[in-house]
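Take a look at the letters that make up each chain.
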Amino acid sequence: MDHDRVRGSSKPVKNYDAIIVGSGAAGGIVACVLAESGKHVLLLERGRDLSFADVGRDHLRNQRLAVYGHNAGPELNGNPRVFVNPEGTSRIVRPHELDYHNNAACVGGGTRVYGAQAWRFHPDDFRMATKYGVPRGSSLADWPITYETLEPYYERAEWELGAAGDARSINHQVPHRRDYPLPPVPPGPQTLALQQGARGLGWTTTPVPLLINTEPYQGRAACIACKYCVGFACPTDAKNGSQNTVIPRALATGNCELQTNAIAASVDVDSQGNVSGVTYFVERLAERQSARAKVVVVSGGAIESARLLLNSRSRHSPSGLGNEHAQVGRNLQGHLYPRAYGLSTTKVFDGVGPGVTIATTQFNHDNAGIIGGGMLADDFIKPPIDFWYDSLPPDLPRWGIRNKEFMRDNYTRVLHVRGPVQDIPSPDGRVTVADEVRDKWGIPVARLSGTTHPATVEAAEFMRERGEEWLRASGCEKVWSAQPGLILSGRQHQAGTCRMGRDPKTSVTDEWGRVHNHDNLFVVDGSLHVTNGGFNPVLTIMALAFRSGEYIARQI
Ligand SMILES: Cc1cc2nc3c(=O)[nH]c(=O)nc-3n(C[C@H](O)[C@H](O)[C@H](O)COP(=O)(O)OP(=O)(O)OC[C@H]3O[C@@H](n4cnc5c(N)ncnc54)[C@H](O)[C@@H]3O)c2cc1C
């Protein structure tokens with residue numbers, strides 16, 4: 001690693017091959033691929049490296065149910081965003097509020113506390129515009145790559161991080177050249193009930209693929225089937241995120257420097273407008289830091305990556321890097337998540353985690369009158385307060401003796417299914433920056449506005465009905481359900497804000513994540529997704545990261 005000096009300062013500035021901003025699902029993988037190919041990497045992470053004890057087991061303050069706080073960052077104070085509701089009024093929101101659209105901010109990013117569902121997107125998810133046409137007002141588009149292009153990288157993510165599943169049960173829809181390295185989680189009573197229901201309806205099912213060690217794998221223990229998976233850290237470290245797989249590999253090379261509590265404020269350019277490095281703040285240091293690199297990779301997650309590019313303003317790029325055509329921050333998408341519940345006549349809860357075991361992908365495409373569709377699965381085990389918060393029938397009082405009796409009698413009898421619905425993106429679902437509101441470092445914060453396209457709500461309604469149908473066929477006597485209306489979609493499945501494409505007027509990067517007109521600036525994370533599939537997104541983020549990482553390694 002070389003050193004030189006910042007102009008006008010005596011402070012040495014480090015030179016790297018690559019600076020990666022963000023150590024989440026994608027950033028961790030790019031760091032690993034580059035470091036293992038001999039490149040010197042600075043990996044900047046705004047959050048902390050959280051231990052199991054740091055994440056804790058607080059049922060009211062976690063990344064799944066954040067009523068009073070959360071457990072994987074960012075800190076509640078000093079990190080606001082601005083949320084503009086569909087009526088146009090805006091307010092400042094804090095990280096544990098729903099409208100903040102938080103994922104996580106720590107080493108591993110969302111993967112530190114995620115549920116680890118490891119779905120590949122369906123081949124048709126990469127050609128949505130061709131298959132369905134473009135609904136008026138939407139920015140639905142095809143990806144510049146196909147499923148076949150990404151397939152080897154899906155496989156790489158499954159094998160290098162460690163995924164459990166059964167490829168044979170899904171190959172007819174999403175072809176796998178190779179099976180998962182680990183067997184699926186064992187079925188529970190809810191699995192058997194739902195399997196029977198699906199059989200009666202003539203629907204196919206599959207075990208839910210999970211980045212969880214169902215057997216010891218790569219030197220780490222197997223899952224002990226505890227009740228606290230999604231929203232928490234794993235007590236045996238059997239849940240595979242970037243923090244316990246690819247980041248340790250990157251660090252083991254000696255080529256990767258991980259700087260935690262370090263927030264990138266801007267991507268810097270030289271006097272010619274070429275990207276030269278990153279300016280950042282480190283929690284314990286008063287002074288602003290700078291580092292230079294041949295390549296900068298922005299992997300801050302879909303909201304923060306857009307914010308960083310928009311905050312990287314210079315006379316060469318007055319509206320932010322890569323934003324010549326006002327595309328950075330547009331098409332923010334995630335998933336609407338319809339859910340259905342049913343009272344089973346038998347006990348369908350045995351307390352064996354993670355709880356999510358069976359899914360149907362029958363309705364991801366080819367539903368008459370619907371654009372796209374989604375996947376439905378049973379759910380992770382809910383702590384009782386989460387069950388109370390989320391799962392009660394609408395005709396039950398929210399408090400008092402009837403409520404208590406319902407909880408006592410039915411916590412083990414409620415069958416759940418839920419799942420992500422393919423978002424039909426809108427250019428108005430958007431991240432911009434609010435110059436008038438700053439975080440504790442003085443950096444303008446993200447402003448979130450707009451909604452998803454109404455066609456998404458139609459698909460979600462269709463999937464809600466399928467959820468109810470499945471539960472009735474599975475022996476439930478009383479069924480109820482919920483799904484949000486037209487809202488801004490994003491949250492923990494946030495994606496799409498720096499979409500890849502061939503035309504710089506309608507996309508931000510090329511198919512490798514290289515920002516149009518900036519040879520050495522890449523975005524690699526959920527921001528790249530042109531569409532977000534009718535599946536949880538992380539395995540696609542990981543596959544793209546392996547692919548872009550290999551490409552970047554060849555460029556430097
Ligand atoms: C509770 C929970 C459950 C989930 N369950 C699933 C699931 O089962 N399956 C699934 O597919 N997905 C799941 N997700 C979503 C999944 O975690 C995300 O899709 C994924 O982590 C996104 O990857 P990313 O690389 O885009 O960003 P992230 O993983 O969010 O990583 C971005 C990182 O960049 C850092 N960062 C941001 N800005 C800066 C900056 N300026 N300077 C320095 N660092 C910065 C952040 O702190 C963060 O660590 C879940 C998420 C949560 C929180």
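Residues numbered from 1 in each chain as written. Predicted model: local features only at pLDDT ≥ 70, side-chain atom pairs only at ≥ 80, totals over all residues. Heavy atoms only, no water.

Trainee: How do you make sense of empty space enclosed by the protein when you look at a structure like this?
Mentor: A complete count under the given rule lists 6 cavities of 30 Å³ or more for this structure. Around the largest cavity, the lining is made up of 17 residues, and of these Phe-349, Asp-379, Ile-381, Val-414 and His-416 lie nearest the centre. A total of 3 residues in the lining of the largest cavity trace back to one element, the largest contributor, which is strand 14 (residues 414-418). For the lining of the largest cavity, a count of residues per class yields 9 nonpolar, 4 polar and 4 charged. Together, 14 residues line the second largest cavity, and Cys-223, Ala-225, Cys-226, Cys-229 and Cys-234 are the ones closest to its centre. Looking at the lining of the second largest cavity residue by residue, the class counts come to 11 nonpolar, 2 polar and 1 charged. (1 Å grid on protein atoms, 1.4 Å probe; cavity = no way out; pocket = protein on both sides within 12 Å on 5 of 7 lines; lining within 4 Å. Points joined across faces, edges and corners; volume = space filled by probe spheres on them. Helix = DSSP H or I, 4+ residues; strand = E, 2+ residues; numbered from the N terminus. Nonpolar A, V, L, I, M, F, W, Y, C, P; charged D, E, K, R; others polar.)

Trainee: What exactly am I supposed to notice about the packing of aromatic side chains here?
Mentor: The description of an aromatic ring pair uses the distance of the two centres, along with the angle that the planes make with each other. In the structure shown here, the tally under the stated rule is 17 aromatic pairs. Each ring, one from Trp-203 and one from Phe-363, has its centre 4.7 Å from the other, and the planes form 80 degrees; the classification is edge-to-face. With Trp-203 in the loop between helix 5 (189-201) and strand 6 (206-207) and Phe-363 in the loop between strand 12 (358-360) and strand 13 (376-377), the pair connects residues that are 160 residues apart, well separated along the chain. The two residues Trp-203 and Phe-363 agree in class, both being buried. Aromatic ring contacts, followed pair by pair, group Phe-121, Phe-126, Trp-143, Tyr-147 and Tyr-154 into a single cluster. When the ring centre of Trp-159 is taken as reference, the NZ or CZ atom of Arg-178 above it lies at 3.5 Å. (Phe/Tyr/Trp six-rings, centres within 6.5 Å; stacked < 30°, edge-to-face > 60°. Buried < 20%, exposed > 50% of the residue type's maximum accessible area, 1.4 Å probe, protein only. Lys NZ or Arg CZ within 6 Å of the ring centre and 35° of its normal.)

Trainee: I keep staring at the site of the ligand and nothing clicks. Help me out?
Mentor: Close to the ligand lie 39 residues, the nearest being Glu-45, Asn-103, Gln-117, Ala-264 and Val-538. Between the ligand and the protein, one listed contact pairs an oxygen atom with a backbone N or O atom of Ser-299 at 3.5 Å. The backbone of Gly-526 places a nitrogen or oxygen atom 3.0 Å from an oxygen atom of the ligand. Considering the ligand on its own, with 1000 Å² of exposed area, one finds that the protein chains cover 97% of that surface. Looking at the shell around the ligand, the elements that each hand over two or more residues are helix 1 (25-36), strand 8 (262-269) and helix 11 (538-555). Here the shell around the ligand gets 3 residues from one element, more than from any other, and that element is strand 8. Across the shell around the ligand, the residue classes tally to 17 nonpolar, 18 polar and 4 charged. (Near = heavy atom within 4 Å. Polar contact = N/O pair within 3.5 Å; in protein donor to acceptor, adjacent residues only side chain to side chain. Areas by Shrake-Rupley, 256 points an atom, 1.4 Å probe, with all protein chains shown as cover.)

Trainee: Would you mind going over helix 11 with me for this structure?
Mentor: Because the α-helix completes a turn every 3.6 residues, residues three or four places apart line up on one side. Compared with the 26 Å implied by 1.5 Å per residue over 18 residues, the 25 Å span of helix 11 between its first and last C-alpha is a close match. Most of helix 11 is tucked away: 15 of the 18 residues are buried. (Expected span 1.5 Å × (residues − 1).)

Trainee: Could you clarify how one ought to interpret the confidence of the model for the protein in this entry?
Mentor: Low pLDDT marks regions whose predicted coordinates should not be analysed in detail. Summing up the model confidence of the protein, the mean pLDDT is 96 and the portion of residues at 70 or higher is 98%. Scored below 50 in pLDDT, residues 1-9 makes 24 contacts in the model with residues more than four places away or belonging to other chains. (pLDDT = per-residue confidence, 0-100. Contact = heavy atoms within 4.5 Å.)

Trainee: When you look at the pattern of salt bridges in this model, what are you seeing that I'm missing?
Mentor: Where charged atoms of side chains with opposite charge meet at close range, the side chains can pair. This model, assessed by the stated rule, comprises 44 salt bridges. One salt bridge connects Glu-97 with Arg-91, and the closest N-O pair in it is separated by 3.1 Å. Note on Glu-97: relative accessible area 25%, which makes it partly exposed. Across the salt bridge formed by Arg-447 and Glu-436, the nearest N and O atoms sit 3.4 Å from each other. Of this pair, Arg-447 sits in strand 16 (residues 444-449) while Glu-436 sits in strand 15 (residues 430-438), and the two are 11 residues apart along the sequence. Ionic contacts of the salt-bridge type, sharing partners, join the residues Arg-64, Arg-339, Asp-379, Lys-382, Asp-386, Asp-390 and Arg-418 into one network. (Salt bridge = Lys/Arg side-chain N within 4 Å of Asp/Glu carboxyl O.)

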